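A look at the structure
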Amino acid sequence: VAPDIDRHGDDEEMHLTQNLIRSAVFVKHNDVRQEPANPAVQSPIDPNRLLVVEDLQVHKGQAVIAGERLCALSDYSSLFIEGKSFEQDVPELSQAAARGWNVDAVFPGQDGALVIRDLKLAFVGNSIDSDSRTLSFFVELTNEVLRDETNAAGQRFVAWRYRLGQRLEIKVPVEQWENQIVLPVDAVVRDGVDWFVFQQNGSKFKRVPVHVQHRDQTSVVIANDGSLFPGDVIAMKSANQMQMAVKNNSGGAVDPHAGHSH
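Residues numbered from 1 in each chain as written. Predicted model: local features only at pLDDT ≥ 70, side-chain atom pairs only at ≥ 80, totals over all residues. Heavy atoms only, no water.

**Topic: the environment of Arg167**
- In this fold, Arg167 is placed in the loop between strand S13 (156-160) and strand S14 (169-171).
- On the basis of relative accessibility, which here comes to 72%, the residue Arg167 falls in the exposed class.
- Distance in space between the C-alpha atoms of Arg167 and Ile81 is 9.3 Å, their sequence separation being 86 residues. (Helix = DSSP H or I, 4+ residues; strand = E, 2+ residues; numbered from the N terminus. Buried < 20%, exposed > 50% of the residue type's maximum accessible area, 1.4 Å probe, protein only.)

**Structural notes on helix H2 (residues 239-248)**
- Among all positions in H2, only Ala239, Met242, Gln243, Ala245 and Val246 are buried. Each buried residue of H2 sits inside an arc of 160° when the element is viewed along its axis, so together they form one side. What points out from H2, more than 90 degrees from its buried face, is the exposed set Met244, Lys247 and Asn248.
- Next to the buried residues of H2 lie strand S16 (189-191), strand S17 (194-201) and strand S18 (204-210). (Arc of directions from axis to C-beta. Contact = heavy atoms within 4.5 Å.)

**What about the layout of surface pockets?**
- Taken as a whole, the second largest pocket spans an internal volume of roughly 1100 Å³.
- Surrounding the second largest pocket, 26 residues form its lining, Asp104, Lys171, Pro173, His214 and Asp216 being those nearest its centre.
- If you list the elements that add at least two residues to the lining of the second largest pocket, you get strand S8 (103-107), strand S9 (114-119), S14 and strand S20 (219-222).
- Each residue belonging to the lining of the second largest pocket can be placed in one class, and the counts come to 12 nonpolar, seven polar and seven charged. (1 Å grid on protein atoms, 1.4 Å probe; cavity = no way out; pocket = protein on both sides within 12 Å on 5 of 7 lines; lining within 4 Å. Points joined across faces, edges and corners; volume = space filled by probe spheres on them. Nonpolar A, V, L, I, M, F, W, Y, C, P; charged D, E, K, R; others polar.)

**Some remarks on the pairing of strand S19 (residues 212-215)**
- Sheet topology places S19 next to S20; three bridges connect them, and they run antiparallel. The residue of S20 that forms the bridge with Val212 is Ile222.
- Counted between consecutive antiparallel strands, the loop separating S19 from S20 contains three residues. (Pairing = 2+ DSSP bridges.)

**A look at helix H1 (residues 90-98)**
- Along H1, the residues classified as buried are Val90, Leu93 and Ala96. Axial view of H1: buried residues confined to an arc of 125°, hence all on one face. Opposite the buried face of H1, by more than 90 degrees, sit the exposed residues Pro91 and Ala98.
- Residues of H1 that are buried sit in contact with strand S7 (78-86), strand S10 (121-128) and strand S11 (134-142).

**With respect to the pattern of salt bridges**
- A complete count under the given rule lists seven salt bridges for this structure.
- With a shortest N-O distance of 2.7 Å, Asp148 and Arg156 are connected by a salt bridge.
- Judged by relative accessible area, which is 38%, Asp148 ranks as partly exposed.
- Put simply, Arg207 and Asp191 hold a salt bridge, and the shortest N to O gap is 3.2 Å. Here Asp191 lies in strand S16 and Arg207 lies in strand S18, a separation of 16 residues in the sequence.
- Taking the relative accessible area as the measure of exposure, Arg207 reaches 31% and is therefore partly exposed.
- The exposure class of Asp191 is partly exposed, given its relative accessible area of 26%. (Salt bridge = Lys/Arg side-chain N within 4 Å of Asp/Glu carboxyl O.)

**Side note on the packing of aromatic side chains**
- Overall, the coordinates contain two aromatic pairs when judged by the stated rule.
- Taking 4.8 Å as the distance between ring centres and 25° as the angle between the ring planes, the aromatic pair formed by Phe107 and Tyr162 counts as stacked. Note that Phe107 is positioned in strand S8 and Tyr162 in the loop between S13 and S14, a separation of 55 residues in sequence. The same class applies to Phe107 as to Tyr162, namely buried.
- The ring of Phe196 carries Arg207 above its face, with NZ or CZ at 3.9 Å from the centroid. (Phe/Tyr/Trp six-rings, centres within 6.5 Å; stacked < 30°, edge-to-face > 60°. Lys NZ or Arg CZ within 6 Å of the ring centre and 35° of its normal.)

**Focus: the side chain of Ser136**
- Within the secondary structure, Ser136 is located in strand S11.
- Looking at Ser136, the relative accessible area reads 15%, which means it is buried.
- Within polar-contact distance, the side chain of Ser136 engages the side chain of Lys84 at 2.8 Å.
- With sequence-adjacent residues up to four places away left out, Ser136 is seen in contact with Glu82, Gly83, Lys84, Val124 and Gly125. (Polar contact = N/O pair within 3.5 Å; in protein donor to acceptor, adjacent residues only side chain to side chain.)

**As for the sheet that holds strand S15 (residues 181-184)**
- Reading across from one edge, S15-S20-S19 is the order of the three strands in this open sheet, with antiparallel pairing throughout. Two strands lie at the open edges of the sheet, namely S15 and S19, each paired on one side alone. Averaged over all adjacent pairs, the angle separating strand axes in this sheet is 25°, with direction ignored.
- As paired elements, S15 and S20 share four bridges and run antiparallel to each other. Residue pairing across strands places Ile181 opposite Ile222, the latter belonging to S20. (Axes fitted to C-alpha atoms, helices over the stretch in contact; angles between N-to-C directions.)

Structure, rendered in structure tokens:
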């Protein structure tokens with residue numbers, strides 16, 4: 001809604017209309033257009049909703065024609081992440097969507113990666129790009145306001161945490177294990193064909209062999225076969241350094257202050 005040129009105050013600007021919006025949907029059947037019996041009715045627009053002016057095409061005092069575009073508004077409160085899957089990975093992606101498995105988003109940063117967990121896989125595309133041979137899929141992402149300030153002139157500036165065009169990684173689950181143990185990747189070390197963790201034993205740590213079922217860049221899945229039990233205290237990082245300390249001490253127990261945390 002634009003203010004009247006002759007009667008508006010100095011501080012009055014364009015604002016969102018509070019009128020109800022009735023959407024008309026037509027169904028074509030045998031060349032007959034028919035309106036549904038119960039068309040959708042939307043609630044009045046929240047005046048406090050944060051909309052960002054992306055493009056302003058008019059100025060104050062300008063005469064406009066009904067239906068002419070005044071500006072472009074963007075709502076960044078809810079976004080979609082567009083992922084790209086290679087053609088050979090489409091069956092696993094479709095399986096994750098069919099089973100309702102959530103995915104993780106990994107945003108790189110100077111202070112380490114920011115991981116947003118349990119995001120909904122909303123939609124998987126139906127066509128593969130002929131050039132890149134990739135399939136697009138979309139993940140729902142709720143945005144957050146980082147900065148909301150108003151200057152002395154009354155102009156409001158809003159900055160959002162996640163921005164259009166920002167690059168990230170999506171982790172899509174392809175298999176599920178029940179009742180297993182998940183550890184950080186730095187908590188497990190390999191020695192030949194065997195894998196070990198370091199379990200606290202009094203004031204020292206001892207090597208405990210484990211069976212690794214899966215390992216990626218961040219996590220390791222350990223078989224729940226009795227080698228570890230819930231409540232056991234183990235070193236959650238620096239397993240490689242502790243392994244070197246074991247070899248340097250000819251198999252002796254590890255110094256409990258050898259750069260670990262638990």
